[in-house]
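Architecture and fold: a report
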Amino acid sequence: MVTVLCIEDEVEIRNLLVEELSEAGYRTLEASNGAEGLEMILSKWPDIVISDISMPVMDGHQLLAEIQINHPELSNIPFILLTALTDRENTLAGLRGGAADYLTKPLDFDLLLAKLEGCVTRLANDKAVHRSF
Amino acid sequence: MKVGLTSHITFVLVTLTCAAAVLLCGFAWLAAVKVDDLSLRRQADFVRQGLEEQIAALPREQESVTKWDDAFLYTKQRNHEWLLDNIGQWTNRYFGHDRTYIFDDTNRLMFAFRDGADAMPPRLGDDDGQEMTALAGEIRAVLVERAAKPGAEALGQLAKVRTIMIGNRPAIASARPILPSSARMQIEAGQEFIAISVKFIDGKTAENIAHHALLEGLHFAPSKGEDERAQVLVSSHNGGTIGYLVWPPILPGFMLLHQIAPAGLGCLALLITVVFWLGRGLHRTSLTLLDSQEQLTHHRNHLEEMVADRTAEIERQREELDRLLVHERQVNALQRQFVAMASHEFRTPLAIIDAAAQRLCRSTTNVSGDYVHEKAGVIRSAVVRMVDLMESILASGRLETGQITLKRSEGDLKAVLVTCCDRQRHLSRTHVFHLDLEPIPDVLTFDRSAMEQVFTNLISNAVKYSPDAPDIHVRARADEKTVEIAISDSGIGMDAEDLPKLFQPYYRARSATGIAGTGIGLNVVKQVVELHGGTVEVTSELGKGTTFTILLPIEFLLSDQQVAA
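All of these numbers come straight from a predicted model, not from anything done at the bench.

Moving on to the confidence of the model for chain B. When pLDDT drops low, the exact placement of atoms in the prediction is not to be read closely. Residue and element names in this part refer to chain B. Chain-level pLDDT for chain B is 82 on average; 88% of the residues reach the 70-or-more range. Considering each helix and strand of chain B separately, the mean pLDDT is smallest for helix α2 (residues 70-74), with a value of 50, and largest for strand β15 (residues 535-541), with 94. In this model, residues 561-565 is a region of pLDDT below 50 whose contacts with residues beyond four sequence positions or in other chains number 12 contacts.

With that settled, the discussion passes to the interface of chain A and chain B. Taken together, the contact pairs 20 residues of chain A with 23 residues of chain B. Both faces combined, the contact of chain A with chain B buries some 1800 Å², and carbon together with sulfur accounts for 49% of it. The largest per-residue losses of area from chain A upon contact with chain B belong to Glu-12, Leu-16 and Glu-23 of chain A, which jointly make up 30% of the total buried on that side. Summed over the shared surface of chain A and chain B, the number is seven salt bridges. Within the residue set of the side of chain A that touches chain B, elements represented by two or more residues are α1 (11-23) and α5 (109-132) of chain A. The dominant element in the side of chain A that touches chain B, judged by the number of residues it contributes, is α1 of chain A, at six residues. Taken together, the residues that form the side of chain A that touches chain B break down as nine nonpolar, two polar and nine charged.

All names here are of chain A. Within this numbering scheme, the UniProt entry marks Asp-52 as carrying the feature "modified residue: 4-aspartylphosphate" (unreviewed entry). Along the chain, Asp-52 falls in strand β3 (residues 48-52). Residue Asp-52 is classed as buried on the basis of its relative accessible area, which comes to 3%. Contacts of Asp-52, omitting those with residues within four sequence positions, involve Ile-7, Glu-8, Asp-9, Gly-60, Leu-82 and Lys-105.

What follows covers the side chain of Asp-98 of chain B. Residue and element names in this part refer to chain B. For Asp-98, the position within the fold is in the loop between α3 (80-95) and β1 (99-103). No salt bridge is formed by the buried Asp-98, whose closest oppositely charged neighbour, Arg-169, lies at an N-O distance of 5.5 Å. At a separation of 2.7 Å, a polar atom in the side chain of Asp-98 contacts the main-chain amide nitrogen of Phe-200. If near-sequence neighbours (up to four positions away) are discounted, Asp-98 is found in contact with Asn-92, Phe-113, Arg-114, Asp-115, Val-198, Lys-199 and Phe-200.

Next up on the list: the sheet that holds strand β4 (residues 79-84) of chain A. Residues and elements named next belong to chain A. If you trace the five strands from one edge of the open sheet to the other, you get β2-β1-β3-β4-β5, paired in parallel fashion. The sheet terminates laterally at β2 (27-31) and β5 (101-105), the two strands that pair on one side only. Here the strands of the sheet are splayed against their neighbours by 20° on average, with no regard to which way each runs. Where β3 meets β4, four bridges bridge the pair, whose relative direction is parallel. Residue pairing across strands places Asp-52 opposite Leu-82, the latter belonging to β4. Sheet contacts for α1: β1 (3-7), β2 and β3; angle to β2, the most-contacted strand, approximately 165°. In the packing of helix α3 (residues 60-70) onto the sheet, contacts are made with β1, β3 and β4, and the angle to β4 comes to roughly 160°.

Helical geometry: 3.6 residues make up each α-helical turn, so side chains three or four residues apart lie on a common side. All names here are of chain B. An ideal rise of 1.5 Å per residue puts 48 Å on 33 residues; helix α7 (residues 369-401) measures up with 47 Å between its terminal C-alpha atoms. All buried positions along α7 are accounted for by Tyr-371, Lys-375, Val-378, Ile-379, Ala-382, Met-386, Leu-389, Ser-392, Ala-395, Ser-396 and Leu-399. Looking one or two residues beyond α7, the residue adopting positive phi is Gly-402, at roughly 75°.

This brings us to the packing of helix α9 (residues 448-464) of chain B against helix α10 (residues 521-531) of chain B. Residue and element names in this part refer to chain B. At their nearest, the axes of α9 and α10 sit 9 Å apart, and the two run at 140° to each other. Regarding the angle of α9 to α10, the classification is oblique. At the point where α9 passes α10, the crossing takes the left-handed sense. Counted together, Ala-450, Met-451, Gln-453, Val-454, Asn-457, Leu-458 and Asn-461 of α9 and Gly-521, Leu-522, Val-524, Val-525, Val-528 and Val-529 of α10 form the full contact between these two elements. Partitioning the contact of α9 with α10 into residue classes produces nine nonpolar, four polar and no charged.

Definitions and limits used
Residues numbered from 1 in each chain as written. Chains lettered and ligands numbered in written order. Predicted model: local features only at pLDDT ≥ 70, side-chain atom pairs only at ≥ 80, totals over all residues. Heavy atoms only, no water. pLDDT = per-residue confidence, 0-100. Helix = DSSP H or I, 4+ residues; strand = E, 2+ residues; numbered from the N terminus. Contact = heavy atoms within 4.5 Å. Buried area = accessible area lost by both parts, 1.4 Å probe. Salt bridge = Lys/Arg side-chain N within 4 Å of Asp/Glu carboxyl O. Nonpolar A, V, L, I, M, F, W, Y, C, P; charged D, E, K, R; others polar. UniProt positions renumbered as here; feature names shortened; annotations may be inferred. Buried < 20%, exposed > 50% of the residue type's maximum accessible area, 1.4 Å probe, protein only. Lys, Arg positive; Asp, Glu negative; His and termini not counted. Polar contact = N/O pair within 3.5 Å; in protein donor to acceptor, adjacent residues only side chain to side chain. Pairing = 2+ DSSP bridges. Axes fitted to C-alpha atoms, helices over the stretch in contact; angles between N-to-C directions. Expected span 1.5 Å × (residues − 1). Parallel < 35°, antiparallel > 145°, perpendicular 65-115°, else oblique. Left-handed = near helix turned anticlockwise from the far one by under 90°.

The following block contains the structure:
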């Protein structure tokens, strides 16, 4: 079962997201800010992370940087950032920072699930490759 | 500078005056000496001339007596007293002859007149006898000579004039032949009658000379006078010195001074007055000039001051403008930040609504009525959130342009507060609201929707900024004068430095980074509260929590008037 960590400070969005993912068959973890998210990543090792950008304590960019710099062994975990449609700067920065993909708010759940599936497939292939070595 | 200029002018003027006075005195002195000299010389010339005239006059005078009446000469014995008296008086009176002698053709003295009186018998005196005789003899000799070889010269023009001493008196004597007019007197050439006239210089003659020379005190002195210039030499006919005609010399400069002094002094006085006047005028002008100069300098300095002032003022204005510009830029930055925040703030509830709606469509498991109800509730909450935000923004906009008009109506303030709390309770189920509401007057006049907004803003802030602290305290108190409403949370709190600026539009405390907010809510709160005549205060401690306190004056809330913002 694939574990997805949802980092989002807006409770309602987080709840709906978690609901959707659960129904789609993912195991879900939750965090309400970047710091909590980091804790979760380090302790629970999720397969995929979906993260908002603007959050208190530690935001999405900071979290990404933190992983890339201080925990490179975890940098392979795909990050999907939630950005605003018109927030080009954040999107570009996030992608440059190492995010695998992004989704714009309001979220299109179909698109979300499709992207997750793609991630899962790639992860499986990666593991297969690694295992063969 | 003042002193220097004045003294300079004074110096020049004084020098000029002194020079003029010196010149004047010099001229006066020179003139006095020279004029005295000239005067004396003129006087001497006059005297000399007078003397010469007296000497030259005798022959001419005798012209008038040469044509004597035959009768007189012929009848020299008969009625001679009458004629002789006439002649004697006449020559004395008109010509000033002191003595007159007439010698006949035999050189015998016919008549002798002294001082106009006939001397009978006629005789020559001791003092003049010799001289007269000698003079007569000389003429006779000339006549005889002439008779021998007759010359062109007319008889009447033959005359011998002598300046001689008679006794010790200087005299002019002249001898000449006289001819009777009558043809009856047959006189042989060489046998003519001879007349001799004598004028004493020290008597009437001197008087005449003095009269014509306009002199006083002219007299004969046998020896030299003291002043060379006030004497004329009288020499005898053969070159020797008889004596001098002397008069009192002019005192140096006296005459001149006497004549010129009044005029001179007057001129000097006039000159000095004029110079003084000019000097004073110049002095005054120079003072005026100096004054003007001072004024100009003062004005120039003042100008410099004024320029400096203006420059400083311009500097100040520039600084002010700079400050305003900086402030404007900051406001612009804040506004841009606000716009970004506002769009984010709208996007979130929209995202919630969209997600909830998608869930309703997609859910494969939970399609029960409860589920739908729950999702609908989420949607509605999000809508409320958006509406509140929209109202807040609109109110803020209207406050900025001054369009807010409080619509006051009677209502229950406490009830409004409670309603807002309830609404928020529904929105944030994680938070617990503790109401501590003491009685406040039931019926107050206030703008209901505005106060709703105020309470909503404060309560939703309390919730938003205390994500990990669920307790929210709402307190209401009232005394005779004031209604006090306090809303406290135990959330993230704020830096003390943010508190003074907290109520400015778009301002967000530093501790709020990461938490979405437009920064306009508190501004709306402050303005609405102040429109109700009240105040809002805030206390906060970073990490511990925040309390907002609204104080409303009851007096205001009781009045009936509509207040325009």
